[in-house]
Amino acid sequence: PVSPNPLPDPVYIAHSSTLFRELGLSDELAQNPDFRRIFSGDLSDAPAPMRPFGSGNGYGDCRAVLRSSVREFLAQEHRHALGIPTSRSLTLHASSCETVVRPWYAPESRSSDPGILLKELVAISTRVAPSFLRVGYCQGNFNRDNCAAGGFTLDYGPFGFCECFDPAFQAWTGGGDHFAFFNQPVAAAANFHMVWTAVRPLLVDHPEPLARFDGMRQGFAEAMESRIQAMWTSKLGLTTDDPALVQELLQPMLATQVDYTLPFRELSQLPQQASALTKTVYTEPSEPLEARWQAWLQRWRDALASQGHPAAISARMKQVNPAVSWREWLVVPAYQQAGQGDDSLVRELQDVLTHPYDEPSPDIEARYCRLRPEDYFHAGGVSHHSCSS
């Protein structure tokens, strides 16, 4: 057990109303002074042996900067609302006076590496999970330290959400191609392999369960591929897998520089013309490419013809294709304003990101359901992040 260093002059930033309800807690508790004191690291009045924190003296031991803490808090809320297994954030508190210096990107920087040292407020986000057990290596992005043994995302470091569709998307500047978007199944297999190597010695004297366990390892790639196909199938409103149709879609998506989220939400309206997707692309398609889109759209609609009533298909698709997704350039102002004492945008984003499948109002759609502005392409701290993120 250790005694953490409390945040000096702690201030409340946010809490997860959803998680509070799941735990049987009232929202009013988040504003209770004693509750705030404990969850900002002050355990002086807590009954022993309550020691939920590390020392707070460095990376990985509960204390981070407000910027990264806001990002993690909102990302966990968003991913849970999307239905993706993840650790959760209960509360977020910051110090109104204590700062630390972190490397970060200068305004309008296009460099892959931070170029300045930034003085930032420190914060504590209370992370909640069924278990904090993880096996294997302990550094990197979606690798062995960020994937819980329970199969959910545990840690949020220099993460990013794909906006412009790119199979090689990788937000972390130190991640390399092996952690790119479409290489995630390979990274997951590496994680599973580490669990397998750790558990297997326990079964060496039991041939039958050992054989079954080895079979699980050998079947991981096939099981992963099956889940990926099921994902595409549900996103396209189908009830049976059609890998050829998916491949025919990915090619024009890449060639057109289309957004990864917006087109699928637009497809949920079951459009008849490819022109309906125009507002979801970063590059105006050429006539041949538009013809490819139209041909694919017709083939897709033909495949849907036997899948049920159009209204039911559309409703089903809207439950798996969010209207709102994480946009880093929208989150940046939230943590910047929070650093100046205004956390209203954090809570606004929390509300929007925790209802990703709802039909957005015209105001929400105009502000949050749109393509990344050109100024934010290749911007340090927005399109890419260092490990200090």
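Refer to the structure presented above.
A short note on helix α12 (residues 344-353)
Point 1. Residues of α12 that are buried include every one of L345, V346, L349, Q350, V352 and L353, and no others. Here the buried residues of α12 occupy an arc of 165 degrees about the axis, which is enough to place them on one side.
Point 2. Turning to α12, the residues buried within the fold contact β1 (10-15), α1 (17-22), α3 (66-82), α11 (328-339) and α13 (362-368).

Thoughts on the packing of aromatic side chains
Note on aromatic pairs: each is described by the distance of the centres and the angle between the planes.
Point 1. Counting across every chain of the model gives 17 aromatic pairs.
Point 2. Aromatic side chains Y282 and F377 sit 5.3 Å apart centroid to centroid with 85 degrees between the ring planes, which places their arrangement in the edge-to-face category. Here F377 lies in the segment after α13 and Y282 lies in the loop between α8 (262-267) and α9 (287-304), a separation of 95 residues in the sequence.
Point 3. For Y282, a relative accessible area of 21% translates into the label partly exposed.
Point 4. Residue placement shows K235 over the ring face of Y260; its charged tip is 5.7 Å from the ring centre.
Point 5. The side chain of R372 reaches across the aromatic face of F377, ending 5.4 Å from its centre.

What about the nonpolar core?
Point 1. One finds I13, L66, V70, L74, W326, V346 and L349 to be the most contacted residues of the largest nonpolar core, which totals 36 residues.
Point 2. Of all the elements in the fold, those that place two or more residues in this core are β1, α3, β3 (88-104), β4 (116-128), α11 and α12.
Point 3. The biggest single contributor to this core is α11, with seven residues.
Point 4. The residues contacting L66, other than those within four sequence positions of it, are I13, A94, L121, V122, A123, A338 and G339.
Point 5. Within the second largest apolar cluster, 28 residues are counted, among which are F169, V246, L267 and W300.

A few points about the sheet that holds β3
Point 1. Strand order in the open sheet formed by four strands is β1-β3-β4-β2, with antiparallel pairing between adjacent strands. Lying at the two open borders of the sheet, with one neighbouring strand each, are β1 and β2 (63-65). Adjacent strand axes in the sheet meet at a mean angle of 40 degrees, parallel and antiparallel pairs treated alike.
Point 2. Its contacts with the sheet place α3 against β1, β2, β3 and β4, and it is angled at close to 150 degrees to β3.

Scoring rules and cut-offs
Residues numbered from 1 in each chain as written. Predicted model: local features only at pLDDT ≥ 70, side-chain atom pairs only at ≥ 80, totals over all residues. Heavy atoms only, no water. Buried < 20%, exposed > 50% of the residue type's maximum accessible area, 1.4 Å probe, protein only. Helix = DSSP H or I, 4+ residues; strand = E, 2+ residues; numbered from the N terminus. Arc of directions from axis to C-beta. Contact = heavy atoms within 4.5 Å. Phe/Tyr/Trp six-rings, centres within 6.5 Å; stacked < 30°, edge-to-face > 60°. Lys NZ or Arg CZ within 6 Å of the ring centre and 35° of its normal. Core = buried A, V, L, I, M, F, W, Y, C linked by side-chain atoms within 4.5 Å. Pairing = 2+ DSSP bridges. Axes fitted to C-alpha atoms, helices over the stretch in contact; angles between N-to-C directions.

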